[in-house]
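# Coordinate analysis (summary)
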Amino acid sequence: MAYQFDFAPVIDHADLLLAGAGFTLALTAVGAVFGIGLGTAGAICRAWKLRPFDRLFGVYVEAIRNTPFLVQLFFIFFGLPALGVRMGEWQAAVLAMVINLGAYSTEIIRAGIEATPRGQIEAAQSLALTRRQIFRHVVLRPALAKVWPALTSQVIIVMLGSAVCSQIATEELTFAANFIQSRNFRAFETYFLTTALYFAMALLIRQLLMQLGRHVIVGRAR
Amino acid sequence: MLVQFTTWDIVRNLLDAAKWTLALSLIAFVLGGLVGLAILFARISKHRALQAATKAYIEVFQGTPLLMQLFIVFFGLSLAGIDVSPWLAAAAGLTLFTSAYLAEIWRGCVDAVPKGQWEASATLALSYTQQMRHVILPQALRIAIAPTVGFSVQVVKGTAVTSIIGFTELTKTGSMLANATFEPFVVFGLVAAGYFALCYPLSLYAKRLERKFHVAR
Amino acid sequence: MSLVKIAGLHKHFGANHVLKGIDLDVARGDVVALIGRSGSGKSTLLRTINGLESIDKGELVVDGTALHDGRGDLRALRQKVGMVFQQFNLFPHLTAGQNVMLAPTVVKGTPKPEACDIAKEMLLKVGLSDKFDSYPDQLSGGQQQRVAIARALAMQPKVLLCDEITSALDPELVSEVLAVVRQLATEGMTLIMVTHEMRFAREVGNKLIFMHHGRIHESGDPKTVFADPQTPELANFVGAVQAA
Ligand SMILES: Nc1ncnc2c1ncn2[C@@H]1O[C@H](COP(=O)(O)OP(=O)(O)OP(=O)(O)O)[C@@H](O)[C@H]1O
Ligand SMILES: [Mg+2]
């Protein structure tokens with residue numbers, strides 16, 4: 001007998017799914033703000049070769065980019081308590097997301113900073129701006145504008161990656177899906193709809209961030 | 001049962017598990033590369049429907065979590081009446097994931113070949129297939145090597161997610177050891193070191209290739 | 001008393017001795033034209049005057065602000081020396097008006113409304129009062145260069161340095177930029193410009209400097225120097241330029 005698809009038992013739990021999706025978006029929002037902030041700091045240290053922070057950020061970037069997010073999450077949630085650093089599920093999830101995004105955005109933003117044409121900096125120097133003023137007014141904003149699409153993609157990757165936070169019982173979207181399928185025994189249908197929801201969220205985040213980039217970072221509609 | 005684990009026991013078990021991580025990575029990368037090549041050709045073909053279908057394929061895999069892809073493959077295959085082991089689901093899921101990303105990376109490389117190359121080869125009366133075979137692909141291949149090696153790091157890291165559907169590789173073994181030894185800090189530190197040992201050389205190699213390529217241009 | 005005084009200035013790039021002892025006096029209101037072959041050190045000399053290139057040895061004084069062997073208050077120097085570049089170097093993320101306002105607000109702490117008035121005045125001066133809200137990529141090369149001049153003028157520099165400011169422009173746009181420079185000269189602005197526009201140098205300049213291999217090889221009143229070069233190198237150079 002052919003399998004009968006039935007999505008109704010999933011739709012019944014739509015409230016749980018939406019709550020989970022909302023929580024995933026909230027985690028992502030906090031992760032994005034602090035992750036990009038951390039990445040900006042890292043990029044400054046790397047681009048300006050501020051000893052010893054440039055080295056530290058270099059090690060940090062390589063360590064994070066060459067290990068899986070899931071292992072980073074487990075290390076934070078299960079490993080750190082051994083050092084007396086104990087935290088809740090969502091705190092651990094956010095921390096892992098910030099640390100992960102921070103590493104990638106350090107490299108992304110650094111590339112943007114280093115792509116600043118020399119003439120821009122010389123023009124600002126000749127106007128007697130200080131190093132700090134040049135960075136703030138002449139380097140950073142065009143650099144962020146240039147790499148904003150790459151940062152947007154990275155935020156989406158982190159959002160999608162946060163699905164594994166269900167493994168430490170962070171009550172995000174995948175956690176909700178796991179719960180629902182354990183109740184209705186409709187695993188395929190549940191994960192199918194959940195996947196669709198993630199896809200819609202990825203589109204939404206891309207739209208939002210591109211709008212934001214257009215209006216806040218670039219400062220005008222091109 | 002109460003077993004005393006020495007650090008060496010932990011390391012030995014993890015090394016053993018790392019073999020499975022490595023095996024899965026290789027399989028996913030090779031099979032994903034083959035499927036990705038097929039997707040690539042469909043994506044850059046002149047056939048509208050094929051273009052649209054493969055574009056959607058790529059967008060779906062890049063716009064959804066790897067974990068969901070694994071779940072859907074796992075439960076989808078069992079609905080289809082196939083008796084799925086975690087090993088099969090992991091290999092199949094990761095292969096599809098890899099194929100979508102590689103196809104998109106390679107498409108970018110084909111696009112990066114200057115328009116003039118198409119026009120020049122067209123004026124020589126080469127057919128589309130001949131243009132591809134003799135002019136475009138050889139150049140695209142050169143551009144593609146560095147990002148392809150770079151993506152292999154994502155594949156290795158992606159294998160960690162298969163632990164969630166029950167495939168016993170490095171991360172899964174780490175979780176079990178952490179529970180058994182009550183030393184999660186040490187165990188997950190070692191697990192991370194294991195992934196780093198696999199990935200970092202690939203990252204370095206990709207970076208070196210990229211530099212070499214930029215100099216060569 | 002001279003406004004810009006340079007004495008015994010040396011500059012190396014690695015083993016390359018680019019400026020080999022430059023002595024130069026520029027009085028208030030002087031319009032100095034720097035000419036010479038490619039690689040003779042014109043740009044380097046200009047860039048040392050506002051500290052874009054460091055000085056290895058020698059003295060530089062601009063309106064009382066001094067660098068001895070390259071040491072001194074760079075930012076004080078730069079507030080007195082404006083510069084316009086060959087490639088304009090406008091800030092692409094700021095409008096023409098914002099480009100002009102940036103340094104007065106950030107460096108001098110001028111309040112925004114006042115800086116805005118200054119910017120409008122400067123843009124008016126270069127004939128672009130209607131382009132205040134345009135972004136650089138919406139302007140022609142000649143317009144961009146005039147904004148760059150306005151941007152430098154807004155800091156009320158004592159001397160303005162111009163490094164081949166028409167070289168990157170299409171021929172038909174050169175004259176609108178030169179007209180602005182000519183206007184500045186008649187208003188008494190002190191100018192030091194590297195230029196390949198020999199006619200312009202002769203008409204507007206009151207001092208010509210010919211650089212050769214990192215030295216000032218010949219200098220004087222442009223009209224007499226052009227008419228009667230004292231060295232074969234300058235004669236050659238003038239001949240080559242006129243033939244071109
Ligand atoms: N940043 C630098 N690093 C190393 N060498 C440099 C640098 N800038 C200039 N030079 C060298 O210094 C010498 C003088 O260069 P400069 O740019 O001052 O010449 P110029 O007279 O302005 O020539 P042009 O007419 O081509 O602009 C040249 O040999 C040049 O190669
Ligand atoms: Mg020059």
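What counts as what
- Sequence order sets the numbering: in each chain, residues are counted from 1 along the sequence as written.
- Labels are handed out in written order, letters beginning with A for the chains and numbers beginning with 1 for the ligands.
- pLDDT decides what is reported in this predicted model: residues at 70 or higher carry local features, side-chain atom pairs at 80 or more are listed and counted, and totals for whole chains, interfaces and linings draw on all residues regardless.
- Water and hydrogen atoms were dropped before computing side-chain values, which therefore reflect all heavy atoms in the structure.
- In this description a helix means any DSSP run of H or I spanning at least four residues, a strand means any run of E spanning at least two, and both kinds are numbered starting from the N terminus.
- We call a residue buried when its accessible area falls under 20% of the maximum for its residue type, exposed when it is over 50%, and partly exposed in between, using a 1.4 Å probe and counting protein chains only.
- The method behind every accessible area is Shrake-Rupley, applied with a 1.4 Å probe, and residues are considered shielded solely by the protein chains displayed.
- Positive charges are assigned to Lys and Arg, negative charges to Asp and Glu, while His and the chain termini are left out of the count.
- Charged groups are reduced to one reference atom each: NZ for lysine, CZ for arginine, CG for aspartic acid, CD for glutamic acid.
- Residue contacts follow a heavy-atom distance rule, with two residues in contact if any of their heavy atoms lie within 4.5 Å.
- Note: buried area is the sum, over both parts, of the accessible area (probe 1.4 Å) each one loses when the two are combined.
- Any carboxyl oxygen of Asp or Glu that lies within 4 Å of a side-chain nitrogen of Lys or Arg is treated as forming a salt bridge with it.
- In protein, a polar contact means a hydrogen-donor-capable atom and an acceptor-capable atom, both N or O and within 3.5 Å, with residues adjacent in sequence counting only if both atoms are side-chain atoms; elsewhere, any N or O pair within 3.5 Å suffices.
- Three classes are used, and their members are as follows: Ala, Val, Leu, Ile, Met, Phe, Trp, Tyr, Cys and Pro are nonpolar, Asp, Glu, Lys and Arg are charged, and the others, Gly among them, are polar.
- The rule for a residue being near a molecule or strand is that one of its heavy atoms must lie within 4 Å of it.
- UniProt positions are given in the numbering used here, feature names are shortened, and annotations may be inferred rather than shown by experiment.
- Pairing between strands is defined by DSSP: at least two bridges between the two strands are required.
- Simply put, an axis is a line fit to the C-alpha atoms, just over the touching stretch for a helix, and the angle between two N-to-C directions goes from 0 to 180 degrees.
- Any angle that falls under 35 degrees is termed roughly parallel, while one over 145 is termed roughly antiparallel, one within 65 to 115 roughly perpendicular, and all others oblique.
- By convention the crossing between two helices is left-handed if the near helix lies anticlockwise of the far one by an angle smaller than a right angle, and right-handed if it lies clockwise.

### So, the overall build of chain B
- Along the backbone of chain B there are 8 helices and 0 strands.
- Along the chain direction, N to C, the helices and strands of chain B fall in the order α-α-α-α-α-α-α-α.
- Its C-alpha atoms give chain B principal-axis dimensions of about 75 × 50 × 20 Å.
- The buried share among the 217 residues of chain B stands at 43%.
- For chain B, the accessible area works out to roughly 11100 Å², and carbon and sulfur atoms hold 67% of it.
- Considering chain B, the positive charge centre built from 17 side chains and the negative charge centre built from 10 side chains are found 12 Å apart.

### Looking at the interface of chain C and chain A
- Facing the 25 residues of chain C at the interface are 21 residues of chain A.
- When chain C packs against chain A, the two sides together hide about 2000 Å² of surface, and 57% of this comes from carbon and sulfur.
- Note that Arg47(C) and Glu122(A) form a salt bridge whose closest N and O atoms lie 2.6 Å from each other.
- Connecting chain C to chain A are 8 residue pairs in polar contact (both at pLDDT 80 or more).
- Among the elements of the structure, α2 (74-80), β6 (81-84), α3 (96-108) and α5 (141-153) of chain C are those that each provide at least two residues to the side of chain C that touches chain A.
- Considering every element that reaches the side of chain C that touches chain A, the biggest residue donor is α3(C), with 4 residues.
- Looking at side-chain class alone, the side of chain C that touches chain A contains 15 nonpolar, 5 polar and 5 charged residues.

### Some thoughts on the site of ligand 1
All names here are of chain C.
- Every residue lining ligand 1 is accounted for by Phe13, Asn16, Val18, Arg37, Ser38, Gly39, Ser40, Gly41, Lys42, Ser43, Thr44 and Glu164.
- A distance of 2.8 Å separates an oxygen atom of ligand 1 from a polar atom in the backbone of Gly39.
- At 2.7 Å from an oxygen atom of ligand 1 is found a side-chain nitrogen or oxygen belonging to Ser43.
- Calculation on ligand 1 without its partners gives an accessible area of 640 Å², and the protein chains cover 59% of this total.
- Breaking the shell around ligand 1 down by element, the ones donating at least two residues are β2 (16-27) and α1 (42-49).
- Here the shell around ligand 1 takes 3 residues from α1, the largest share from any one element.

### Here's the deal with the UniProt feature "transmembrane region" (unreviewed entry) in chain B
- Mapped onto this structure's residue numbering, the UniProt feature "transmembrane region" (unreviewed entry) falls at residues 20-44, 56-81, 87-106, 140-165 and 185-206 of chain B.
- Here residues 20-44 of chain B runs as 96% helix and 0% strand, with 35 Å between its end C-alpha atoms.

### Thoughts on the arrangement of the chains
- Contacts are most numerous, across the 2 pairs of chains in contact, for chains A and B.
- Taking C-alpha atoms as the reference, chain B and chain C come no closer than 24 Å and do not contact one another.

### Considerations on the sheet that holds strand β1 (residues 2-13) of chain C
All names here are of chain C.
- The 4 strands lie next to each other as β2-β1-β4-β5, forming an open sheet whose pairing is antiparallel. Two strands lie at the open edges of the sheet, namely β2 and β5 (65-68), each paired on one side alone. Along the sheet, successive strands turn relative to each other by an average axial angle of 10 degrees, direction set aside.
- Bridge count between β1 and strand β4 (residues 57-62): 5 bridges; the pairing is antiparallel. The partner of Lys5 across the bridge, within β4, is Val61.

### Things to note about the packing of helix α3 (residues 66-79) of chain B against helix α4 (residues 86-112) of chain B
Residues and elements named next belong to chain B.
- Direction vectors running N to C along α3 and α4 enclose 130 degrees, while the axes themselves pass 9 Å from each other. Taken together, the axes of α3 and α4 lie oblique to each other. α4 is crossed by α3, and the crossing has right-handed handedness. The residues of α4 that touch α3, namely those facing Leu66, Gln69, Leu70, Val73 and Phe74, are Pro86, Ala89, Ala90, Ala92, Gly93, Leu94, Leu96 and Phe97.
- In terms of residue class, the contact of α3 with α4 is made up of 11 nonpolar, 2 polar and no charged.

### Points about the interface of chain A and chain B
- Listed per partner, the contact involves 35 residues of chain A and 34 residues of chain B.
- The contact between chain A and chain B buries some 2900 Å² in all, and 80% of this surface belongs to carbon and sulfur atoms.
- Counting the surface chain A buries against chain B, the share from its top three residues, Asn66(A), Phe188(A) and Phe199(A), is 20%.
- Seen at the junction of chain A and chain B, the total is 1 salt bridge.
- Note that Glu62(A) and Lys207(B) form a salt bridge whose closest N and O atoms lie 3.5 Å from each other.
- In this assembly, chain A and chain B are joined by 3 residue pairs in polar contact (both at pLDDT 80 or more).
- When residues in the side of chain A that touches chain B are grouped by element, the largest group, 9 residues, is from helix α9 (residues 187-217) of chain A.
- By residue class, the composition of the side of chain A that touches chain B is 24 nonpolar, 9 polar and 2 charged.

### Examining the packing of helix α2 (residues 14-48) of chain A against helix α5 (residues 89-114) of chain A
Residue and element names in this part refer to chain A.
- Interaxial distance between α2 and α5 falls to 5 Å at its minimum, and their mutual angle equals 40 degrees. By the criterion of interaxial angle, the relationship of α2 to α5 is oblique. The handedness of the crossing between α2 and α5 is right-handed.
- Of the residues belonging to the contact of α2 with α5, the class tally is 18 nonpolar, 9 polar and 4 charged.

### With respect to the UniProt feature "domain: ABC transmembrane type-1" (unreviewed entry) in chain A
- According to UniProt, the feature "domain: ABC transmembrane type-1" (unreviewed entry) maps to residues 21-209 of chain A in the numbering used here.
- The straight-line gap between the two end C-alpha atoms of residues 21-209 of chain A is 18 Å; of that span, 81% is helix and 0% is strand.

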